[in-house]
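Spelled out, the chains give:
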Amino acid sequence: VEEVRCSAELPIDLFGENHVQELVEKTDAGAYNGKPGHFIGHLQTNKVNKVVGRAALIQSVDSTRLLDKIDTAAARLVQDILVEINIGEETSKSGVDADSLFPLLEAAAAKENLRLRGLMAIPPADADDNETRRFFARMRELLAKADAQHYDRAQMDILSMGMSHDYAAAIAEGATIVRVGTAIYGARDYSKKA
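The sections below set out a description of the structure shown in this document. (Residues numbered from 1 in each chain as written. Predicted model: local features only at pLDDT ≥ 70, side-chain atom pairs only at ≥ 80, totals over all residues. Heavy atoms only, no water.)

**Side note on the packing of helix 5 (residues 101-109) against helix 6 (residues 129-147)**
Consideration 1: Where helix 5 meets helix 6, the axes come as close as 11 Å, and the angle between the chain directions of the two elements is 45 degrees. The pairing of helix 5 with helix 6 is recorded here as oblique in orientation. Considering how the two elements wind past one another, helix 5 and helix 6 form a crossing that is right-handed. Residues L101, F102 and L105 of helix 5 form the contact with helix 6, whose own contacting residues are L142, K145 and A146.
Consideration 2: Across the contact of helix 5 with helix 6, the residue classes tally to 5 nonpolar, no polar and 1 charged. (Axes fitted to C-alpha atoms, helices over the stretch in contact; angles between N-to-C directions. Helix = DSSP H or I, 4+ residues; strand = E, 2+ residues; numbered from the N terminus. Parallel < 35°, antiparallel > 145°, perpendicular 65-115°, else oblique. Left-handed = near helix turned anticlockwise from the far one by under 90°. Contact = heavy atoms within 4.5 Å. Nonpolar A, V, L, I, M, F, W, Y, C, P; charged D, E, K, R; others polar.)

**Looking at the nonpolar core**
Consideration 1: Counting residues in each nonpolar core, the largest one holds 47 residues, and the members touching the most others are I70, L105 and L119.
Consideration 2: By residue number, the principal contributor to this core is helix 5, which donates 6 residues.
Consideration 3: Setting aside chain neighbours within four positions, we find I70 in contact with L43, V48, V52, I58, V61, Q79, I81 and L114.
Consideration 4: L82, M120, I158 and I177 belong to the second largest nonpolar core, which has 5 residues in total. (Core = buried A, V, L, I, M, F, W, Y, C linked by side-chain atoms within 4.5 Å. Buried < 20%, exposed > 50% of the residue type's maximum accessible area, 1.4 Å probe, protein only.)

**Examining the pairing of strand 3 (residues 57-61)**
Consideration 1: Of all 5 residues in strand 3, 5 are buried, a share of seventy percent or more.
Consideration 2: Where strand 2 (residues 37-39) lies against strand 3, 2 bridges are found, and the strand directions are parallel. Residue F39 lies in a different strand from strand 3, and its bridge partner there is I58.
Consideration 3: Following the backbone out of strand 3, through helix 4 (residues 64-73) and into the adjacent parallel strand 4 (residues 79-85), one traces a crossover that is right-handed. (Pairing = 2+ DSSP bridges. Right-handed = clockwise from strand over helix to strand, strands pointing away.)

**Points about the pattern of salt bridges**
Consideration 1: The final tally for this structure, using the stated rule, is 12 salt bridges.
Consideration 2: What you see here is one network of salt bridges that share partners, running through D80, R115, R117 and D157. (Salt bridge = Lys/Arg side-chain N within 4 Å of Asp/Glu carboxyl O.)

**A few points about the pairing of strand 4**
Consideration 1: For strand 4, the tally of buried residues reaches 7 of 7 residues, placing the bulk of the element in the interior.
Consideration 2: Of the two faces of strand 4, the one lined by Q79, I81, V83 and I85 and the one lined by D80, L82 and E84 are each fully buried.
Consideration 3: Taken together, strand 4, helix 5 and strand 5 (residues 114-121) constitute a β-α-β crossover, and its handedness is right-handed.

Following this line, the structure appears as structure tokens:
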């Protein structure tokens, strides 16, 4: 919390959290200093109530079941969301496959308490630079195609992709949000977790 609170005094636009408990702890402590906090990790349906209203943007929506839970939890507000795409079709990652994207976008746009803002993806870690660039280009194409659908209650203006090791290529392909926590804070040491 203290490290993030100090960071929030710097010209950092927003913060992202992979774990619900860390988002809760930092928002409750005011660690973001009024700057937006996004939820970028896999969100389980039983933890939706802890995230809706705390996260300015949920970047990892990947199912109609999750859409339904978020919509119900957001009954008195509008929750911004991104749809996560499993762009590399990896069995170990969450996210919707490209073939299922448009039905999920349609379902999201039909929810009264949600505002669809765009797409998010994490390409395979073992992809080479050229493959990664192709994945990013594919994401840009999918966002443009989704934007052309003119969904209700949608503002398809966010493309969240690229991390500390590949953010430059992501920006070159149209990323509007990059996730560079490792470059700023160093690699996470999960061995300290209880």
